[in-house]
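# Structural features, examined
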Amino acid sequence: MIIRTNLLPASTRIAKFCLIALIGLQTSHSLAEEFMSAPKAKKQPYTMTTHGDVRVDDYYWLRDDKRKSPDVIDYLEKENAYSQQQLAQGEGLKKQIYEELLSRMKADDESVPYNYNGYTYRSRFEAGNNYPIYERRPVNSHEPWQVLVDGNQRAEGSEYYRLGTLTVSPDNKNIAIAEDREGRNNYSISFRSLDSQEWQNAELTNTSGNIVWANDNNTLFYVNKDPQTLLPYQVFYHQVGTQQQQDVMVYEEKDDTFYVSLSKSTSKDYIFIGITSTETAEYRLLDANQPRKQVEVFQTRKTGVEYYPDHFRDQFYIRSNHQNPLFGLYSVKHIGDDWNTVVAPRDDIDLEGFELFNQWLVLEERQNGLVNIRQINWQTKAENFVSFDDPAYMAWIGNNPEPDTRKLRYGYSSMTTPSSVYEIDMQTQQKQLLKQQEVKDFDKSKYQSQRLWVTAQDGVKVPVSLVYRKDLFKEAQNPLLVYGYGAYGYSIDPSFSSSRLSLLDRGFVYAIAHVRGGGELGKKWYLQGKTINKMNSFTDFVDVTKSLISQGYGQPGHIYAMGGSAGGLLMGTVVNIAPELYEGVVASVPFVDVVTTMLDPSIPLTTGEYDEWGNPENEEAYWRIKAYSPYDNIKKQKYPHMLVTTGLHDSQVQYWEPAKWVAKLREYKLGDSLLLLETNMNAGHGGKSGRYNALNDIALDYSFILMLEDKKQYFPQLKN
């Protein structure tokens, strides 16, 4: 059984810095003197020449792989102090938003219990605690719940904590957990006998957190990471009770453009070693019943071909795109035999996932940007579809760990429907709501969700999901926040957010631009927004923004944009090409120095990203990437007000990218627009850990936007 679990106090130095600023504030005599000057990073030219092109990076020195340079830390702390001082007027507003977010959260909450291998499992939160408690008890019993892991106890003494995986051995006697205490997705693995409260001293380190038990109950397979690039590339097996140095490597991937992962088949007979890039996949098989048996290749990799296998009832089932850019489902009894078509690929429907039951096959399919869940009876071939009501929504196959049932659990949400867990009887089609997220004082009838299609500049129609509060909507008079991502084929489906209500209840219209590069319209949509087609992501976002304004969903001068990670790249390029559209932008952990990062294979994730952006060692790719790379295209022009956030320990987008970007923007930008950099000195890519701590990040983002809506009160230092 596997469970995957997918502003700190200022330092003394910052406090002293702010104290000096406040003393100055009390004795100042002019508006200009009331506010600290923005930090100005020193310039140390660093020259890079590629394909005859010379680039000079004045802020390259901000890169410190060890994150200990006094000069770098000093600069980041000065930026934090500056941001804190500039936002000080809105501290009350930020606190108010935080309290709103907190008030909507159920203090004591628990998941829907589920049965697996003789036990019922659940997780729950206790009021005031940041982390969940994981528990179990025998099926159909009323015994007290047995605590497997209390995340709050495990997190004690750590500024950051994340439980990545919890897995119980097949005989239900041992538990293994993977934990990240830094925010760099570098997990340590700990073990405990469930008859004991003491965790074993032996700990596995430098892992991806991906762990799977063999059926002998004593062997655990895990993925080791490269210490420099953090690339998951080796599979080891570990015998419980032994030291890590005794572990045996069973597979090593030599191609650093691929990532290695582990999973277990529905039949429990196989452990799959996944070797995947963004467009190619290969799987190797371990016999879960004979864990020391030699690894076997399922099908040799072929560039551009993806396949994802499972095993059930003496058959392998494979989701693959080997016949069509969109996926179909196939089966085969023996490795090496020809595959049989179970569900043929179709040009207008993308198969995104499947679940295997004794009597039923369940498919998760995407059509016209929305997910359908289709049930097919193995014997009669009868088909049923789960019905959904909203014009735009998010649906997914839920947690169904045991195939011998006719009950299917699935999830559902929309921009006006809180996240819900349903169970449907696939024989009778009767469905039951097992749990819906509780949101205090939320009245669905007050809000309107819509699905729009915007024609982009090349004629392609781009889907847009939006929501607003009906009684506060006035055509062309509302502030508008547009969110976007657009990368890796990842779909930003229109789901519910209780946090978002703090904007909607203040009159905001919230829109998601489903730009090309995402997966909202299937694999073809993704391909139209990657590598040679990447500019489509950026122009789509601009076109959506302009269309929403022209249709009266936003008031010029009150338009905002938000995105993070690859969505931060989207923000970075958009403010270079259309800065006049936006009053303010929030860019979280933004990937903005694309050329330099993609030229450096020592940086975590670089080599695995070549399929997404291109490898700039290739001259054509170099010039194409440079044409949109935010850092390389900063120019002397007016920019929107911007809040940029990052984490010092981020392993996915290194902190120095946003730090350099802000330093260079500050050098080039015209006018007096705010430019703030907030670096979390104790976190990584996902921001603060813990459910309460994370609310601070949201409150910061939202208060910044709302302060811009009332600049006269909150930012009197600005001239316009």
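As the structure is a prediction and not an experimental result, all values here were calculated from the model.

## Focus on the pairing of strand β25 (residues 360–367)
- Burial analysis of β25 places seven of its eight residues in the buried class, the great majority of the element.
- Counting the residues between successive antiparallel strands, the hairpin from strand β24 (residues 350–356) to β25 contains three residues.
- Examined bridge by bridge, β25 and strand β26 (residues 370–377) share eight bridges and lie antiparallel to one another. When the bridges of β26 are listed, E364 appears paired with I373.
- In sequence, β25 turns back onto β26 through a hairpin of two residues, with N368 there showing a positive phi of about 55°.

## Some thoughts on helix α3 (residues 91–104)
- Here α3 contains 14 residues, and its C-alpha end-to-end distance of 20 Å stays within 8% of the 20 Å for a straight helix at 1.5 Å per residue.
- When we look at burial in α3, the residues that qualify are L93, K94, I97, Y98, E100, L101 and R104. In an axial view of α3, the angular spread of the buried residues amounts to 160°, which keeps them on one side of the axis. Opposite the packed face of α3, turned more than 90 degrees from it, sit the exposed residues G92 and K95.
- Looking at the packing, one finds that the buried side of α3 touches α5 (501–504), α13 (691–709) and α14 (711–714).

## Quick notes on the sheet that holds β25
- Spatial ordering of the open sheet is given by β24-β25-β26-β27, a layout of four strands whose pairing is antiparallel. The open sheet terminates on both sides in strands that have one partner only, identified here as β24 and β27 (383–385). Direction aside, the axes of adjacent strands within the sheet are offset by 25° on average.
- Inspection of the sheet shows β26 paired to β27 by three bridges, in the antiparallel sense. Looking at β27, one finds that I376 is bridged to E383.

## Section: unusual backbone geometry
- In the Ramachandran plot, N140 falls in the positive-phi region, its phi being about 65° despite a non-glycine side chain.
- Relative to the elements of secondary structure, N140 occurs in the loop between β7 (133–138) and β8 (146–150).
- Positive phi values are uncommon outside glycine, yet K268 reaches one of about 70°.
- Summarising the element assignment, K268 is placed in the loop between β16 (259–264) and β17 (270–276).
- Taking relative accessible area as the criterion, K268 reaches 28% and is therefore assigned partly exposed.

## Focus: the side chain of S497
- Mapped onto the elements of the fold, S497 is located in the loop between β34 (480–484) and α5.
- Among the polar contacts made by the side chain of S497, one reaches the main-chain amide nitrogen of S499 at a distance of 3.4 Å.

## Thoughts on the nonpolar core
- By size, the foremost hydrophobic cluster in this structure holds 115 residues, and its most contacted members are L76, F541, L548, Y582, W613 and W661.
- Counting residues per element, this core draws most heavily on α13, which supplies ten residues.
- Setting aside anything within four residues of it in sequence, one finds W613 in contact with A487, Y488, T531, K534, A566, L569, F591, M598, R624, I625 and Y628.
- Core analysis: the next-biggest nonpolar cluster, separate from the first, contains 17 residues, I373, F388, A395 and M426 among them.

## Examining helix α11 (residues 619–628)
- Of the positions making up α11, those classed as buried are A621, Y622, R624, I625 and Y628.
- Looking at the buried positions of α11, the neighbouring elements they touch are β2 (46–50), β3 (53–57), α7 (535–550), α8 (566–577), α9 (594–598) and α10 (610–613).
- Between the side-chain oxygen of the N-cap and the backbone nitrogen of E620 there are 3.0 Å, and the N-cap of α11 in question is N618.

## Focus on the environment of Q436
- In this fold, Q436 is placed in strand β31 (residues 431–436).
- Setting aside residues up to four positions removed in sequence, Q436 forms contacts with T417, P418, S419 and S420.
- A distance of 2.9 Å separates the side chain of Q436 from the side chain of S420, its partner in a polar contact.

## Some thoughts on the packing of helix α2 (residues 70–86) against helix α12 (residues 656–668)
- Between α2 and α12, the shortest axis-to-axis distance is 12 Å and the interhelical angle comes to 65°. Helix-helix and strand crossings are classified by hand; for α2 and α12 the assignment is left-handed. Residues Y75, L76, E79 and Y82 of α2 touch α12, and the partners they reach there are A659, V662, A663 and R666.
- For the contact of α2 with α12, the per-class residue count stands at six nonpolar, no polar and two charged.

The rules behind these values
Residues numbered from 1 in each chain as written. Predicted model: local features only at pLDDT ≥ 70, side-chain atom pairs only at ≥ 80, totals over all residues. Heavy atoms only, no water. Buried < 20%, exposed > 50% of the residue type's maximum accessible area, 1.4 Å probe, protein only. Helix = DSSP H or I, 4+ residues; strand = E, 2+ residues; numbered from the N terminus. Pairing = 2+ DSSP bridges. Expected span 1.5 Å × (residues − 1). Arc of directions from axis to C-beta. Contact = heavy atoms within 4.5 Å. Axes fitted to C-alpha atoms, helices over the stretch in contact; angles between N-to-C directions. Polar contact = N/O pair within 3.5 Å; in protein donor to acceptor, adjacent residues only side chain to side chain. Core = buried A, V, L, I, M, F, W, Y, C linked by side-chain atoms within 4.5 Å. Left-handed = near helix turned anticlockwise from the far one by under 90°. Nonpolar A, V, L, I, M, F, W, Y, C, P; charged D, E, K, R; others polar.

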